[in-house]
Structures are given as C-alpha cells and as structure tokens.
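# Structural overview
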Amino acid sequence: MDWHLIIAAAIKIVVFVFFVTLPLVAMSVWAERRVSAAIQDRVGPNRVGPFGLLQAVADGIKFLLKEDFTPAHVRKFYFWLAPALTMVPALLTCAVLPFGSRLFGEKMVIADLDVGPLYVFAIASLTVYGIVLAGWASNSKYPFLGGVRSTSQMISYEICMGLSIVPLVMIYGDLNLGRIVHEQAQNGWALLPLWGEGLSPKGFLLALPIFVSFVIFTTSMFAETNRLPFDLPECETELVAGYHTEYSSMKFALFFLGEYAAMIIGSGLCVTLFLGGWSLPFGWLAPATIDAEVPFWHGLIHLGAFFAKVIVFILFFIVVRWTLPRFRYDQLMRLGWVFFFEIALANVVLTAILLWVLK
Amino acid sequence: MAIIVQRPKLKWWEQLYLPSLFIGMKVTLGHFIATLTRKSKVTMQYPEEKWDANLPDHYRGAPALVTDEHGRERCVACQLCEFICPPRAITIKPEEIPSDDKWAKVEKRPRAFEIDMIRCIYCGLCEEVCPEQAIYLRKDYAITGTSRAEMVHDKERLYEIGGVRTGLVNKWNELK
Amino acid sequence: MTFLFCLFAALALIGGIGVVVCRNPVSAAFSMILSFLGLASLFIQLDAFLVGTLQVLVYAGAIMVLFLFIIMLLDVQEEEKRRFPLISFAGAGAVVTAFLVLVILVLNRGGTAGRSLPVVAPSESGQSDVHRIGELLFGTYWFPVQIVGVLLLAATVGVVVLSKKELK
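It should be emphasised that the depicted structure is a prediction, and the values quoted were computed from it without experimental measurement. (Residues numbered from 1 in each chain as written. Chains lettered and ligands numbered in written order. Predicted model: local features only at pLDDT ≥ 70, side-chain atom pairs only at ≥ 80, totals over all residues. Heavy atoms only, no water.)

## Focus: the pairing of strand β3 (residues 108-116) of chain B
Residues and elements named next belong to chain B. Cut-off, in case you're wondering: Two strands form a pair only when DSSP identifies at least two bridges running between them. Numbering of helices and strands starts at the N terminus; helices are DSSP runs of H or I of at least 4 residues and strands are runs of E of at least 2.
Sheet topology note: the strand β2 (residues 90-96)/β3 ladder contains 7 bridges and is antiparallel. Pairing of Thr91 across the sheet is with Glu114, part of β3. The sheet contact formed by β3 and strand β5 (residues 152-153) spans 2 bridges and is antiparallel. Paired with Ile115 across the strands is His153, a residue of β5.

## Side note on the interface of chain A and chain C
Rules: Any two residues whose heavy atoms approach within 4.5 Å at even a single point are treated as in contact. What gets called buried area is simply the loss in accessible area from a 1.4 Å probe that two parts show on being joined, summed for both. Salt bridges are identified by distance alone: a Lys or Arg side-chain nitrogen within 4 Å of an Asp or Glu carboxyl oxygen. Two N or O atoms form a polar contact when they lie within 3.5 Å of each other; inside protein one atom must be a possible hydrogen donor and the other a possible acceptor, and for residues adjacent in sequence the pair counts only when both atoms belong to side chains.
Counting from both sides, the interface comprises 27 residues of chain A and, opposite them, 26 residues of chain C. Sorting the residues of chain A by area buried against chain C places A:Tyr78, A:Tyr129 and A:Trp136 first, and these three jointly supply 25% of that buried surface. There are 0 salt bridges connecting chain A and chain C. Linking chain A with chain C are 3 residue pairs in polar contact (both at pLDDT 80 or more), by the criterion used here. Sorting the residues of the side of chain A that touches chain C by element identifies α3 (76-92), α4 (116-124), α5 (127-137) and α6 (141-164) of chain A as the ones contributing at least two each. In terms of residue count, α6(A) provides more of the side of chain A that touches chain C than any other element does, 6 residues in total.

## A short note on the interface of chain B and chain A
The partner chain A presents 16 residues to the 16 residues of chain B that form the contact. Contact between chain B and chain A buries roughly 1400 Å² in total, counting both sides, with carbon and sulfur atoms accounting for 66%. For chain B, the biggest contributors to the area lost against chain A are B:Tyr17, B:Thr28 and B:Phe32; these three give 31% of the whole. Across the chain B-chain A interface, the total number found is 1 salt bridge. The shortest N-O distance in the salt bridge between A:Arg47 and B:Glu48 comes to 3.1 Å. At the junction of chain B and chain A, the tally comes to 7 residue pairs in polar contact (both at pLDDT 80 or more).

## Remarks on the pairing of strand β1 (residues 100-103) of chain A
Regular strands place side chains that alternate from one sheet face to the opposite one. Residues and elements named next belong to chain A. Strand direction decides the pairing type here: β1 and strand β2 (residues 106-108), joined by 3 bridges, are antiparallel. Of the residues in β2, the one forming a bridge with Leu103 is Glu106. Counted between consecutive antiparallel strands, the loop separating β1 from β2 contains 2 residues, among which Phe104 sits at a positive phi close to 55°.

## Examining the arrangement of the chains
Out of 2 pairs of chains that touch, the pair holding the most contacts is chains A and C. Regarding chain B and chain C, the two do not touch, and the least distance separating their C-alpha atoms is 29 Å.

## What to know about the domain arrangement of chain C
Condition: Note that domain bounds follow an automatic or database assignment of domains.
Domains assigned within chain C are domain 1 (1-83) and domain 2 (128-168). Each of domain 1 of chain C and domain 2 of chain C was reduced to a C-alpha centroid, and the two centroids are 25 Å apart.

## Notes on the sheet that holds β5(B)
If you trace the 3 strands from one edge of the open sheet to the other, you get β2-β3-β5 (chain B), paired in antiparallel fashion. Two strands bound the open sheet, and with one partner strand each, they are β2 and β5 of chain B.

## Some remarks on the packing of aromatic side chains
Residue and element names in this part refer to chain A. As a reminder of what qualifies: Centres within 6.5 Å make a pair out of two Phe, Tyr or Trp rings, where for Trp the six-membered ring is used; the pair is then stacked when the planes are under 30 degrees apart, edge-to-face when over 60, and tilted otherwise. Burial classification: accessible surface area is computed with a 1.4 Å probe over protein chains only, and a residue below 20% of its type maximum counts as buried, one above 50% as exposed, and the rest as partly exposed.
For the structure on display, the rule yields 27 aromatic pairs over all chains. Between Phe16 and Phe99 the ring centres are 4.1 Å apart and the planes differ by 5°, which places this aromatic pair in the stacked class. Taken together, the residues span a long stretch of sequence, with Phe16 in helix α1 (residues 3-39) and Phe99 in the loop between α3 and β1 at a distance of 83 residues. Summarising the burial analysis for this pair, Phe16 and Phe99 share the class buried. Taking the centre distance of 5.4 Å and the plane angle of 70° together, the rings of Phe214 and Phe274 count as edge-to-face. With Phe214 in helix α9 (residues 201-224) and Phe274 in helix α11 (residues 249-274), this residue pair connects regions lying 60 residues apart in the sequence. For the pair formed by Phe214 and Phe274, the shared burial category is buried.

## Notes on helix α3 (residues 49-73) of chain C
The condition is simple: One fewer than the residue count of a helix, multiplied by 1.5 Å, yields its expected span. Bend at a given residue is defined as the angle between two axes, one fitted to the seven residues that end at that position and one fitted to the seven that begin there.
The first and last C-alpha atoms of α3(C) sit 34 Å apart over 25 residues, in line with the 36 Å expected at 1.5 Å per residue. For α3(C), the principal kink sits at C:Met64 and spans about 35°.

## Things to note about the side chain of A:Glu246
Residue and element names in this part refer to chain A. Where we set the bar: When charges are counted, neither His nor the chain ends are considered; positive counts come from Lys and Arg and negative counts from Asp and Glu.
Mapping Glu246 onto the fold places it in the loop between α10 (236-239) and α11. The buried charged residue Glu246 lacks any salt bridge, with Lys141 as its nearest oppositely charged partner at 10.0 Å. Of note is the side chain of Glu246, whose polar atom sits 2.9 Å from the side chain of Ser140. Other than its neighbours up to four places away in sequence, Glu246 contacts Phe69, Pro71, His73, Phe79, Ser138, Ser140 and Pro143.

## Section: unusual backbone geometry
In this structure, A:Phe51 takes a positive phi of about 60° despite not being glycine. Within the secondary structure, A:Phe51 sits in the loop between α1 and α2 (55-65). The exposure class of A:Phe51 is exposed, given its relative accessible area of 61%. A positive phi angle is found at B:Gln133, which is not glycine, with a value near 50°. Counting through the fold element by element, B:Gln133 comes out in the loop between α4 (125-129) and β4 (135-137). Relative accessible area serves as the criterion here: at 31%, B:Gln133 is assigned to the partly exposed category.

## A look at empty space enclosed by the protein
Residue and element names in this part refer to chain A. Keep this limit in mind: Cavities and pockets were defined on a 1 Å grid built over protein atoms only: a cavity is a set of grid points that admits a 1.4 Å probe from which the probe cannot escape, a pocket is an open set flanked by protein on both sides within 12 Å along at least five of seven lines, and lining residues are those with an atom within 4 Å of any such point. Grid points are joined across faces, edges and corners, and a volume is the space filled by probe spheres set on the points. Polar here means any residue outside two lists: the nonpolar Ala, Val, Leu, Ile, Met, Phe, Trp, Tyr, Cys and Pro, and the charged Asp, Glu, Lys and Arg; Gly therefore counts as polar.
Summed over the entire model, instances satisfying the criterion amount to 6 cavities of 30 Å³ or more. In this structure, the largest cavity is lined by 22 residues; those nearest its centre are Thr127, Met154, Glu224, Thr225 and Ala262. Elements supplying a minimum of two residues to the lining of the largest cavity: α3, α4, α5, α6, α9 and α11. By residue number, the principal contributor to the lining of the largest cavity is α11, which donates 7 residues. Here the residues of the lining of the largest cavity are counted per class, giving 13 nonpolar, 7 polar and 2 charged. Estimates place the volume of the second largest cavity at around 150 Å³.

Encoded structure:
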C-alpha cells in the first residue's frame, strides 16, 4: 500500500462524506420544509439567508445549544451509543457509491468493491441496532414499542429489498457498482433501455422485471428509511415520538440526520442501480471502456449528472411523503410479506426464464 | 346503533394502489407548481406586509385611555375596570382633583393608571364597563418589550396609544 | 497491515471475551456483534470480500438482530444480579488452556521451519472472489447446494408447522 493511494482515498472520504453527503443532508431537510410548504400553499422557512438556505445552519446551531438531557432511568452507555449507531452506518454506505466516472484519473468512488450492493445491505442492516438500542435503552414504554415496531418493519423490508435487486444482478452478471453503471452508460439505463444494445426486443423484455424490481426496491426503501407512507415508528397518537421520545438536543438530531442520510444513500443506490448512475442519457460523453481516461470536464459533468438524479429522487421522496396517507401496521406487514416477498421471488424466476430464452 | 359502512368495491387497477399514488401526486404537484409560480399566494410576509388597513372596527387590540376634545382625561378613577378585569391587569391609584382646577367638579382622576400587557387578555370588558367611555381597545396588536417592566403600560403610554375621542360623554362640559 | 490485523484481531477477541463475561444479555449480544465485525474485517483483509460482507450481512445484520429482538422482550434484571459460581472460572480456565496447548501442538508439528501454512492464493484469472465462489457454488458444487437448499426449505416448513396453533 503506497502513500499515494491512502492519500487519494482519504481525500475522497473527506470530500464525499463531509463536503457532499452531509451538506446534502442539511439541504434535504431544508428542501423538505420548503417543498412541503409549497405543496400546502405555504411559504416555509425563507428568512435565514437567501431563500432560507441557511436555515439548516440555524437548525444545527439550535440543536447544539439545546440542553442535552439524559433521563435518570435510562441505560446510559447504550442510550449514548444508539444515536451514533443510526448515523454512522448511513454514512458508511457512501463508500461504494460511484459518484462520478473519473476526475484527475481517479475513480470517483471511495472503495471500488466487487460486492457493492451486498456491502450496502450489510451496513444498512446495522442501522437497525441504533433503533433497537434507542428503544431498549430508553427504558420506557413508548420508545420501546416504537423500537420494536420499527425493527420488525426494517427487518421485513430488508428481505424484499435484497430480493428485488437479484434480477438486476442476474442481468448484469456483476456486483461491482462501477461496472454496472458503465454497462448502463453504454447500453441504456436499466429502466430506460433506449440506446446501445438495450434498444432491442431483448432489452425491452428485460425492462419488465427491472421495472417490477424498481417498484419493490423503491417502496422498500421508503419502509427502510421510516418515511411516509411507512413512518410507523413515530406516531403521536399511539407511540408519542417512537424510539426517540426520550432524546433531546444533538442526540435527537443524530436520529433525524441519520434518517435523511439513509434517504440520500438510498436514492444514490437506486439511481446507481436503475437510472444509470453518473451516466448521461443516450450514451453522451460515455467513456469507451471502464479503464478509459475521461477528460476533466466530462468527469465534472458526470458528477453533476449523478447529483442531479439524486436530487430529483429526493424530491420524489418528499412529494410522496406529502401526498400519501400512512399505512396501518398490519397492512404494512401484509404488503411486505405477502405481496412484495412473493412478487420479488416470482420476479427472480421470471428473469431467469427470460435470460434463458433470450440467450 | 351500529352503522355498517359499505366499503366501495375497487376495480383491479384501483387495488394496485399505484394509480391513486399518481392521482395524489397530481394534486400535490399542482399545488407545488401553483405556489412556485405565485399563482396561489395565501401567506403574508408579516413584518413587511401588514393587514392593518383591513382590521375590522370591532378589532380588540391593546386597551388605551383617551382624552376628550378639551384635553381632559376622561377617566374619573371609578376603578370599575380594575374590578372587572378578569386577569387583574389594571392597577389604578386615584387622587382628588384640587379645587382650583378647571375640572374640579369631576372630583377624581387617576394618579397612576397601569395596564400589565403580559396579563391582559384583550377581552374588552374594561371598555364595556367604563361609564365614562374613557378606555378603549385600539388596533395595536404588536405589543412587545424586552423586560417585564417594559410591558407595563403606564398612564402616559396609555394616552399616547389612545389619543383623543370627541363627543359621547358631555356631562362634565360647561354648557350641558 | 500488521497493525490493522492486530487491531481487528483484538476487536474480535475483546468481543469474544465480552460475550462470556457480560452478565447483561444485551451487552453480551453486543460483544458478539463486535466480535463478528472484527472477524469480517479480518476476512476483508484477506481479500475475501464476499465472506466478510456476508459475515456482516447475515450474522451481524440479521441473526443478531433477531437475538437482540428477543432479548429485549425479556426481563433482564434477574440475570444481571446472578454471580458467577467459582467452578465456572475453573472450567473456563481449563478449556482455554487446553485449546491453547492444542493450537501450539498443531503449529509445532513437524517443526516451524519445515512447513508453512497454505497461502491464500490470489486468483490467476484476475476475477473477483465473488465470481470464483459463485462459479464453485453453482458450477462444481451445484448438486450439494441444491440439496442444502431443499433441506433448509424443509426445516422452514417444519418450523411453520410446529409453531402454528391448532385451529379448531
């Protein structure tokens, strides 16, 4: 391991995690408030800075300055550990997302693992611990019930989520997110195979299972990130604020930010898998091979394309939140176990048959 | 009596849930775009935009004392408002009007008249009970201060808000 | 590299000790997760990304969550109060000593210079470990994999049948 690689990795980690993802988290909180306001014919926060853009900074300062209260009846160690355990895995998953093609001859991905989606699922499955612990360590009934509910929801939908990307992996024959994106740049995005090799009867037929996967994956992501219409862990009438009832100040903020970070990473993964990642439509400016040099400004455009897609996806998240009423808990479980699980399995079989027929 | 609610029978495409998602998104996005393009503007940006001109005449804002057209303070310190005030926001210290005063026949006037605006609930009972039409609820609503003492309106401040009211009570005038 | 190895090995060991020593079941479960994470890191250091990731995904992310889920529902107060009987220390000491002796004997068999441990070979074709494991599982060993799959299915169905209440 030479120093060049370590320094490059360190710079990428710092830039992508602290200068890209975290500000994006702050901005999505602002966007959530402005968009929800616009949907409800309101104005939303518009005082701090231009268009209220610095509202996130004000919120952060407010959270830091509030009293950090630890109730006497909690289990202190786990009570303090839980917020960190929700935030850290969400940020760890950044590691395998390809943010762009190449810049300065460096791949724009922190760790070019050959098990990309598996890594994301492995780390994302650790976020459950934060919620379990928060519920248990708070040592009071509402957080506990909220934690139990949230945990069972997340475990259930993790299965659907994992199964839903199997058809995609079967079609691309690869688990490396960088190569999957490169393939999509050449031959059409998974959902929109409109150019390259995708523009053929085979491409259109295979888009059918991919569409089913996309629906299941996106819906499961809503459930995984505990957002409406699946925000059952928090509900005022039944569970007060769910697992973070006893939390205040920055510890509460960590839960809050962890949720948004998970949303951003989820959007990033969905964009990478289904919507071509950093690639532009119709193969414009696509590098010829995976190892080809990319001109500097092409690399910049690819970065921009990725973030544009992620932002559109986050807006979709927000609009859905303010559109749909929530599910009842038994409906949620039925949807997960009875419908999505079976459909995902059938989808895998369908893809296998299609691949065998079209070989 | 139990009412049995007939659930609507859904078509197969309605049961898919996705169409209703798009119908819902059409509504929300419609509002979103309408707000962005300023077509539906409901909210007023308060400190910059105010609605003061449209306040109704019966608006109950800050209570204030008024003088009449001769510059006489109308309050005769009868203390009815002090007694009726539900949150006990009003404190009156009466004094006798010296006999050489022009309005000596009124006999009493408030030496100090204080309304604690932290306590005031803007109910308007003081205005209703006043036999001299001396206290009115005006249209001032932005009553702010940086300390508790600042929020207590003394007599001077109350006359400043109230101003002059003519007519209505003429019994103390020369030519009755 | 050696430094990272020591770090993660220590993590795994501390976790392992924690599982035995902690009286609170939740702490014990957490020590176990810590130990799994250390193990996964060691696997990844050996370039076995798939095994390392699966270690986290399956053990730390799925099985231990269910464990913790059940433990949370139990009343752990009583368990915390119980003390270790002295004999358990003696038993633990004996097991650890025996295992250490066994390891030393195995490592010393035939002298240290004569035999070296098998080296984890990097792939000749430059393929990732995912591809190689996949080809082995679904190519060479496809039949045993299918058999194990059917066995697991049978076990799952059996559990459902056993745990289902009698409907009368």
